[in-house]
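Understanding the architecture of this molecule
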Amino acid sequence: MCGIVGLFLKDKSLEPQLGAMLSEMLVLLTDRGPDSAGIAIYGSPEKNQGKITIQSPSPERDFAGLDQEISKKIGAAVKMAVKSTHAVLEVPVEKLDAVRGAVAELRPNARVMGVGEAIEIYKEVGLPEKVAERFEVSKMSGTHGIGHTRMATESAVTTMGAHPFSTGPDQCLVHNGSLSNHNNVRRELRREGMTFETENDTEVAAAYLSHKIAGGMALGEALESSLNDLDGFFTFVVGTKNGFGVVRDPIACKPAVLAETDQYVAFGSEYRALANLPGIEQAKVWEPEPSTVYFWEH
């Protein structure tokens, strides 16, 4: 049992409140997952700029001077913002791969949480309220975001086991459920060149969708394909640079609710996650159908 939230803003005037709204939604589902929590925030991309979010169990050691070292190594300016155990490196977009390689070489204990032009991912062991406070998520603005509070069933309670999982540029996924064929799918994806950092079944789902998107599928097509290729009980919420999507397995035993107004689209594992959103009383509220893909893009 885990808790999932998602918020896609149509009204630009709400963008400064995205982090605060998303954090509150996730905190309201705390009892669905006390082990760890995480949030992905999508901001408006800056022209020709990219971001890499990294995490370290020893941030004082690993982040000290890292921006200068990477800048020297790649021959370009690097801007670094540290938040607790995470740091966001802003670099020219064409240098993202080089920076990822530099982080692996210079700070082998650090782990990449997400890469892209718009995405920032913050996740740690702990309750949603504590995780959100730790990274000052309520102060963040953006266009859309997704979040997850976890009750571990398939793997250990660790930072790397927390959601969201990001396996492609500006892509991430949160999941409630359990995949029964994740070991077979992982082996197939490894043969296709995908790499994995955990044994978590959710990372397999994220990598599956990233692989399909990299092969030319649109998000909706990739989600449709997952219904045929991934076995088990699942609700997925997927973030991309331009929006987010939702899909439930054919049996749809995991709870889910969507709400839409002129200002936003919101997702929650339970309605209580949406209850404090502005204008929720006038929203169209419904339970997403099994084996049906829903997605919204800017």
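These numbers were taken from a predicted model, which means no experiment stands behind them.

Rules of the game
- Residues numbered from 1 in each chain as written.
- Predicted model: local features only at pLDDT ≥ 70, side-chain atom pairs only at ≥ 80, totals over all residues.
- Heavy atoms only, no water.
- Helix = DSSP H or I, 4+ residues; strand = E, 2+ residues; numbered from the N terminus.
- Buried < 20%, exposed > 50% of the residue type's maximum accessible area, 1.4 Å probe, protein only.
- Contact = heavy atoms within 4.5 Å.
- Phe/Tyr/Trp six-rings, centres within 6.5 Å; stacked < 30°, edge-to-face > 60°.
- Lys NZ or Arg CZ within 6 Å of the ring centre and 35° of its normal.
- Pairing = 2+ DSSP bridges.
- Axes fitted to C-alpha atoms, helices over the stretch in contact; angles between N-to-C directions.
- Lys, Arg positive; Asp, Glu negative; His and termini not counted.
- Salt bridge = Lys/Arg side-chain N within 4 Å of Asp/Glu carboxyl O.
- Polar contact = N/O pair within 3.5 Å; in protein donor to acceptor, adjacent residues only side chain to side chain.
- Core = buried A, V, L, I, M, F, W, Y, C linked by side-chain atoms within 4.5 Å.

**Some points on the environment of Gly232**
- Within the element layout of this structure, Gly232 appears in strand E11 (residues 232–239).
- When its relative accessible area of 27% is taken as the criterion, Gly232 is described as partly exposed.
- Taking the C-alpha atoms as reference, Gly232 lies 9.2 Å from His182; in sequence the two are 50 residues apart.
- What Gly232 contacts, discounting residues up to four positions off in sequence, is Ser178, Leu179, Ser180 and Asp249.

**Examining the packing of aromatic side chains**
- Taken as a whole, this structure holds 6 aromatic pairs when the rule is applied.
- For the ring pair Phe244 and Trp296, a centre distance of 5.9 Å and an interplane angle of 45 degrees mean the geometry is tilted. Taken as a pair, Phe244 in strand E12 (residues 243–248) and Trp296 in strand E16 (residues 294–297) lie far apart in primary sequence, 52 residues in all. Each member of the pair, Phe244 as well as Trp296, is classed as buried.
- When the centroid spacing of 6.5 Å and the interplanar angle of 10 degrees are considered together, the rings of Tyr294 and Trp296 count as stacked.
- On the accessibility criterion, Tyr294 (14% relative accessible area) is buried.
- Joined through ring pairs, the aromatic side chains of Phe8, Phe244, Trp286, Tyr294 and Trp296 make up one cluster.
- When the ring centre of Phe165 is taken as origin, the NZ or CZ atom of Lys123, which lies over that ring, is 4.3 Å away.
- Positioned over the ring face of Phe196 is Arg186, at 5.8 Å from the centre of the ring.

**Some words on the sheet that holds E12**
- The strand order across the open sheet formed by 5 strands is E9-E10-E11-E12-E16, and the pairing between neighbours is antiparallel. Where the open sheet ends on each side, the last strands, each with one partner, are strand E9 (165–168) and E16. Looking at each pair of strands side by side, their axes are set apart by 20 degrees on average, direction ignored.
- Strand direction decides the pairing type here: E9 and strand E10 (residues 171–179), joined by 2 bridges, are antiparallel. Note on E10: the bridge partner recorded for Phe165 is Leu173.
- Packed onto the sheet, helix H7 (residues 201–214) meets E9, E10 and E11 and runs at close to 130 degrees relative to E10.

**A closer look at the side chain of Lys123**
- For Lys123, the location among the structural elements is in strand E7 (residues 119–125).
- Buried and unpaired, Lys123 has Glu203 as its nearest opposite-charge partner, separated by 8.0 Å.
- Polar side-chain contacts of Lys123 include one of 2.7 Å to the backbone oxygen of Ala162.
- Of the polar contacts made by the side chain of Lys123, one reaches the backbone oxygen of Pro164; its length is 2.8 Å.

**What about the pattern of salt bridges?**
- All told, the structure shown has 14 salt bridges when counted by the stated rule.
- Linking Lys241 and Glu117 is a salt bridge whose minimum nitrogen-to-oxygen distance equals 3.2 Å. Note that Lys241 is positioned in the loop between E11 and E12 and Glu117 in the loop between strand E6 (111–116) and E7, a separation of 124 residues in sequence.
- The class of Lys241 is partly exposed, set by a relative accessible area of 33%.
- Look at the salt bridges and you will find they share partners, linking Asp31, Arg32, Glu270 and Arg272 into a network.

**Quick word on the pairing of E11**
- With 6 of 8 residues buried, E11 is to be regarded as a mostly interior element.
- Inspection of the sheet shows E10 paired to E11 by 8 bridges, in the antiparallel sense. Bridging from a neighbouring strand, Ser178 pairs with Phe233 of E11.
- Linkage of E11 to E12, two consecutive antiparallel strands, is achieved through a turn of 3 residues.

**Observations regarding the nonpolar core**
- Of all hydrophobic cores here, the largest spans 29 residues; its most connected members are Leu7, Met25, Tyr264, Leu274 and Leu277.
- Of all the elements in the fold, those that place two or more residues in this core are strand E1 (3–9), helix H1 (18–27), strand E2 (36–42), helix H5 (128–134), strand E13 (257–260) and strand E14 (264–268).
- A total of 5 residues in this core trace back to one element, the largest contributor, which is H1.
- Apart from the residues within four sequence positions on either side, Met25 is in contact with Val5, Gly6, Leu7, Ala266, Phe267, Ala273, Leu274 and Leu277.

**Re the sheet that holds strand E15 (residues 284–286)**
- Taken in spatial order, the 7 strands line up as E7-E2-E8-E1-E14-E13-E15 in an open sheet, and their pairing is antiparallel. Two strands lie at the open edges of the sheet, namely E7 and E15, each paired on one side alone. Across this sheet, the average inter-strand angle for adjacent strands is 10 degrees, counted without regard to direction.
- Both E13 and E14 contribute to a ladder of 4 bridges, which runs antiparallel. Bridged to Glu260 within E14 is Val265.
- Contacts between H1 and the sheet are confined to E1, E2, strand E8 (144–150) and E14, with E1 contributing the most and set at about 155 degrees to the helix.

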